[in-house]
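# Structure assessment
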Amino acid sequence: MGIIVPRHGQSAVNRNRLKRRLREIIRHDVLPTERGLDIIIRTAPGAYSVAFADLRVEMTGVISRLMS
């Protein structure tokens, strides 16, 4: 898995926080169910303001649709 978090006018602190959140979701929710799938995630500008729980729901939903 690859994660791309463009600047979108945000600080390095905000970018790193978003990357840490995405890695945590991948580590706990995606990797245990992953079946040999290569995925690159590129965030949208709105991802900076999304709550962690909502980000988790969105990520797991997208990954599950890709894996089916």
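Structure: see above.
Below you will find a few notes about this structure. No experiment lies behind these values; they were computed from the predicted model shown. (Residues numbered from 1 in each chain as written. Predicted model: local features only at pLDDT ≥ 70, side-chain atom pairs only at ≥ 80, totals over all residues. Heavy atoms only, no water.)

### Regarding the overall build of the protein chain
Tallying secondary structure elements over the protein chain gives 2 helices and 2 strands in all. Along the protein chain, helices (α) and strands (β) appear in the sequence β-α-β-α when read from the amino end. In summary, the protein chain has a C-alpha radius of gyration of 12 Å against a globular reference of 11 Å for 68 residues, a match within 12%. The proportion of buried residues among the 68 residues of the protein chain is 26%. For the protein chain, restricting intrachain contacts to residue pairs at least 6 apart in sequence, the fraction spanning at least 24 positions comes to 78%. Accessible area for the protein chain stands at about 4600 Å²; split by element, carbon and sulfur atoms hold 52% of it. (Helix = DSSP H or I, 4+ residues; strand = E, 2+ residues; numbered from the N terminus. Rg over C-alpha atoms; globule rule 2.2 N^0.38 Å. Buried < 20%, exposed > 50% of the residue type's maximum accessible area, 1.4 Å probe, protein only. Contact = heavy atoms within 4.5 Å. Areas by Shrake-Rupley, 256 points an atom, 1.4 Å probe, with all protein chains shown as cover.)

### Some words on the side chain of T43
Within the secondary structure layout, T43 lies in the loop between β2 (40-42) and α2 (52-67). Non-local contacts of T43, meaning those with residues more than four positions away in its chain, are made with I4, V5, P6, H8, L18 and L22.

### A short note on α2
In this model α2 runs 22 Å from its N-terminal to its C-terminal C-alpha over 16 residues, within 8% of the 22 Å that 1.5 Å per residue would give. Buried residues of α2: L55, M59, G61, I63 and M67, and no others. In this fold, the buried residues of α2 make contact with α1 (12-30) and β2. (Expected span 1.5 Å × (residues − 1).)

### A look at the layout of surface pockets
Reported here for the largest pocket is a volume of approximately 290 Å³. What lines the largest pocket is a set of 16 residues, among which I41, R42, E58, M59 and V62 lie closest to the centre. Counting residues per element, the ones that place at least two in the lining of the largest pocket are β2 and α2. If you tally residues by element for the lining of the largest pocket, the top one is α2, at 7 residues. The residue makeup of the lining of the largest pocket, split by class, is 12 nonpolar, 1 polar and 3 charged. (1 Å grid on protein atoms, 1.4 Å probe; cavity = no way out; pocket = protein on both sides within 12 Å on 5 of 7 lines; lining within 4 Å. Points joined across faces, edges and corners; volume = space filled by probe spheres on them. Nonpolar A, V, L, I, M, F, W, Y, C, P; charged D, E, K, R; others polar.)

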